[in-house]
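One-letter residues, chain by chain:
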Amino acid sequence: MTITSPTKAPGSVRPVRTAHRAQKRPSRFKPGAGQQLKGGPFAYIALAVVGIGSLLPLYWTLVAASHTQDEVLATTPPFLPGGRLFHNLEAAWEQANLGKAIVNSFIVSGCITLATLFFCTLAGYAFAKMRFRGRGALMTAVIATLTIPPQLSVVPLFMMMADLGWGGSLESVIFPTLVSAFGVFFMRQYLIEALPYELIEAAKIDGANNFRIVLSVVLPVARPAMMVLGMLTFVQSWNDFFWPYLALNQQNPTLQVALGSLKASYTPDESIVMAGALISTLPLLVVFVIFGKQIVGGIMSGAVKG
């Protein structure tokens, strides 16, 4: 006797695939997906080349600062540090009054960094999460200021500082840079993605005013971006030369203005100049060593959305 298979009735539901057939379907995901990637030999070689290239200028500054000018300017320059490092550091310290210059640079860079973080975070939060008339036009005006060369504002800014009686004082360097358009745009872009509206609404339901929301909600969320912006602002303020050179004098200089005086002589000693440059670099290295972990964490939190 032959057994025939039952015929399908019209309009019947298509049978579901069995587990056996489903297991044979190839997976779209490769084994090990989601795990940390391992670099090959080429990656290590590339990282070594980049690292050596980044450290080479700092190493040459150390070598030049530890030799005499004749040895630095010789046909075959030295490649190893010499024994005149502390002598050249002391000479640069005394000739350029670097002690006062370093204190002034810390005051200027610290004030500018703190003010930039405060004002840019508030403005970034307002542009990112608050609704008010003219918000788009104001943000466009802020971004448009980035296209204006700073040299165009030198003359009116210098006249303004002179009218205020701040010529030659640190206030003339601090106040024009208390807030930056880049900082406002940076914090706005970060808070748009990192700060959900639900947190703000929950804080309002709990009775928090705008100041309390900024203090308890916005600042903790914005901390990674603030670390990155603070480091960038501090480095830029520390290395700024153009405007401090015009606004200050040799009796009250910042570090970069004081280093400029080492090159102002008719025959500058290159080894002493490099010693001064080494002194100006060391505080930045110390700051990065102390806050490097938070800065890298802020950059990574801004790069990964989750």
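Residues numbered from 1 in each chain as written. Predicted model: local features only at pLDDT ≥ 70, side-chain atom pairs only at ≥ 80, totals over all residues. Heavy atoms only, no water.

Visitor: Can you help me understand the overall build of the protein chain in this one?
Guide: When you go through the protein chain residue by residue, the secondary structure sums to 14 helices and zero strands. When the helices and strands of the protein chain are placed in sequence order, the string is α-α-α-α-α-α-α-α-α-α-α-α-α-α. Within the protein chain, buried positions represent 32% of all 306 residues. Taking the intrachain contacts of the protein chain between residues at least 6 apart in sequence as the baseline, contacts between residues at least 24 apart amount to 72%. (Helix = DSSP H or I, 4+ residues; strand = E, 2+ residues; numbered from the N terminus. Buried < 20%, exposed > 50% of the residue type's maximum accessible area, 1.4 Å probe, protein only. Contact = heavy atoms within 4.5 Å.)

Visitor: Please clarify how the side chain of Lys-129 should be interpreted in this entry.
Guide: Relative to the elements of secondary structure, Lys-129 occurs in helix α5 (residues 98-129). Side-chain polar atoms of Lys-129 contact the backbone oxygen of Ile-192, separated by 3.3 Å. Among the polar contacts listed, one links the side chain of Lys-129 to the backbone oxygen of Leu-195, at a separation of 2.7 Å. What Lys-129 contacts, discounting residues up to four positions off in sequence, is Leu-191, Ile-192, Leu-195, Tyr-197 and Ile-200. (Polar contact = N/O pair within 3.5 Å; in protein donor to acceptor, adjacent residues only side chain to side chain.)

Visitor: Mind showing me how you'd approach empty space enclosed by the protein here?
Guide: In this approach a probe as big as a water molecule rolls over the atoms, and the regions it shows empty are the leftover space. Under the defined criterion, the tally for this structure stands at one cavity of 30 Å³ or more. In this structure, the largest cavity encloses a volume near 40 Å³. Taken together, Ser-105, Val-108, Ser-109, Ser-237, Trp-238, Asp-240, Pro-244, Thr-254 and Gln-256 form the lining of the largest cavity. Those elements that place two or more of their residues in the lining of the largest cavity are α5 and α11 (210-239). Tallying contributions element by element places α5 first for the lining of the largest cavity, with three residues. Here the residues of the lining of the largest cavity are counted per class, giving three nonpolar, five polar and one charged. (1 Å grid on protein atoms, 1.4 Å probe; cavity = no way out; pocket = protein on both sides within 12 Å on 5 of 7 lines; lining within 4 Å. Points joined across faces, edges and corners; volume = space filled by probe spheres on them. Nonpolar A, V, L, I, M, F, W, Y, C, P; charged D, E, K, R; others polar.)

Visitor: What should I look at first to understand the packing of aromatic side chains in this one?
Guide: The relation between two aromatic rings is expressed through the spacing of the ring centres and the mutual angle of the planes. Scanning the model with the defined rule gives eight aromatic pairs in all. Relative to Trp-238, the ring of Phe-106 lies with its centre 4.9 Å away and its plane at 70 degrees, an arrangement referred to as edge-to-face. With Phe-106 in helix α5 and Trp-238 in helix α11, this pair connects stretches of sequence that are 132 residues apart. The partly exposed category is assigned to Phe-106, whose relative accessible area is 38%. Aromatic pair Phe-234 and Trp-238: ring centres 5.8 Å apart, planes at 25 degrees, arrangement stacked. Of this pair, Phe-234 and Trp-238 both sit in helix α11, four residues apart, which is roughly one turn of the helix. (Phe/Tyr/Trp six-rings, centres within 6.5 Å; stacked < 30°, edge-to-face > 60°.)

Visitor: Can you walk me through the nonpolar core in this structure?
Guide: Nonpolar side chains tend toward joint burial in soluble globular proteins. Counting residues in each nonpolar core, the largest one holds 25 residues, and the members touching the most others are Ala-65, Ala-92, Leu-98, Trp-238, Leu-255 and Leu-262. Of all the secondary-structure elements, those providing two or more residues to this core are α2 (41-65), α4 (85-95), α5, α11, α13 (255-262) and α14 (270-303). Here this core gets eight residues from one element, more than from any other, and that element is α14. Residues in contact with Leu-98, not counting those within four places in the same chain, are Ala-92, Trp-93, Leu-255, Ala-258, Leu-259, Gly-276 and Ile-279. The next biggest cluster of nonpolar side chains, apart from the first, holds 22 residues, and it includes Cys-120, Ala-128, Ala-203 and Met-226. (Core = buried A, V, L, I, M, F, W, Y, C linked by side-chain atoms within 4.5 Å.)

Visitor: Is there a simple way to think about the packing of α5 against α11 in this case?
Guide: Packed helix pairs are specified by the crossing angle of their axes together with the interaxial distance, meaning the distance between the axes. Interhelical geometry of α5 versus α11 gives an angle of 140 degrees and a closest axis separation of 8 Å. By the angle between their axes, α5 is oblique relative to α11. For the crossing formed where α5 meets α11, the hand is right-handed. Residues belonging to the contact of α5 with α11 are distributed by class as follows: 16 nonpolar, nine polar and no charged. (Axes fitted to C-alpha atoms, helices over the stretch in contact; angles between N-to-C directions. Parallel < 35°, antiparallel > 145°, perpendicular 65-115°, else oblique. Left-handed = near helix turned anticlockwise from the far one by under 90°.)

Visitor: Before we go on, may I ask you to explain α2 in this structure?
Guide: For α2, spanning 25 residues, the distance from its first C-alpha to its last is 36 Å, which sits close to the expected 36 Å at 1.5 Å a residue. Leu-56 marks the point of greatest bend in α2, at about 35 degrees, and the proline Pro-57 comes within the next four residues. Within the sequence span of α2, burial applies to Thr-61, Val-63, Ala-64 and Ala-65. (Expected span 1.5 Å × (residues − 1). Bend = angle between axes of the 7 residues up to and from the residue.)

Visitor: Sorry, what's going on with the confidence of the model for the protein chain here?
Guide: As a note on interpretation, predicted positions should not be read in detail where pLDDT is low. Summarising the model, the protein chain shows a mean pLDDT of 81, and 82% of its residues fall at 70 or more. The weakest mean pLDDT in the protein chain belongs to helix α1 (residues 19-23) at 48; the strongest belongs to α5 at 92. Long-range and interchain partners of residues 18-22, a stretch whose pLDDT sits below 50, account for zero contacts in this model, where long-range means more than four residues apart. Taken together, the stretch residues 302-306 has pLDDT below 50 and engages in two contacts with residues farther than four places along the chain or on a different chain. (pLDDT = per-residue confidence, 0-100.)

Visitor: I tried to follow a nonpolar patch on the surface on my own but got confused; where do I start?
Guide: Judged by side-chain polarity, Ile-143, Leu-146, Phe-182, Phe-185 and Leu-232 come together as a nonpolar surface patch covering roughly 420 Å² of accessible area. Relative to the elements of secondary structure, Phe-182 occurs in helix α9 (residues 181-194). (Patch = residues over 30% accessible without salt bridge, like charges linked within 9 Å, V, L, I, M, F, W, Y side chains within 5 Å. Areas by Shrake-Rupley, 256 points an atom, 1.4 Å probe, with all protein chains shown as cover. Salt bridge = Lys/Arg side-chain N within 4 Å of Asp/Glu carboxyl O.)

Visitor: Where do I start with the layout of surface pockets in this structure?
Guide: Reported here for the largest pocket is a volume of approximately 1200 Å³. Forming the walls of the largest pocket are 29 residues, and the residues nearest its centre are Pro-150, Pro-176, Thr-177, Ser-180 and Gln-236. For the lining of the largest pocket, the secondary structure elements donating two or more residues are α5, α7 (154-163), α9, α11 and α12 (242-247). A total of five residues in the lining of the largest pocket trace back to one element, the largest contributor, which is α11. For the lining of the largest pocket, the residue count by class is 19 nonpolar, nine polar and one charged. Every residue lining the second largest pocket is counted, 10 residues in all, and those nearest its centre are Thr-113, Gly-230, Met-231, Val-287 and Phe-291. Broken down by secondary-structure element, the contributors of at least two residues to the lining of the second largest pocket are α5, α11 and α14. Here the lining of the second largest pocket is composed, by residue class, of eight nonpolar, two polar and no charged.

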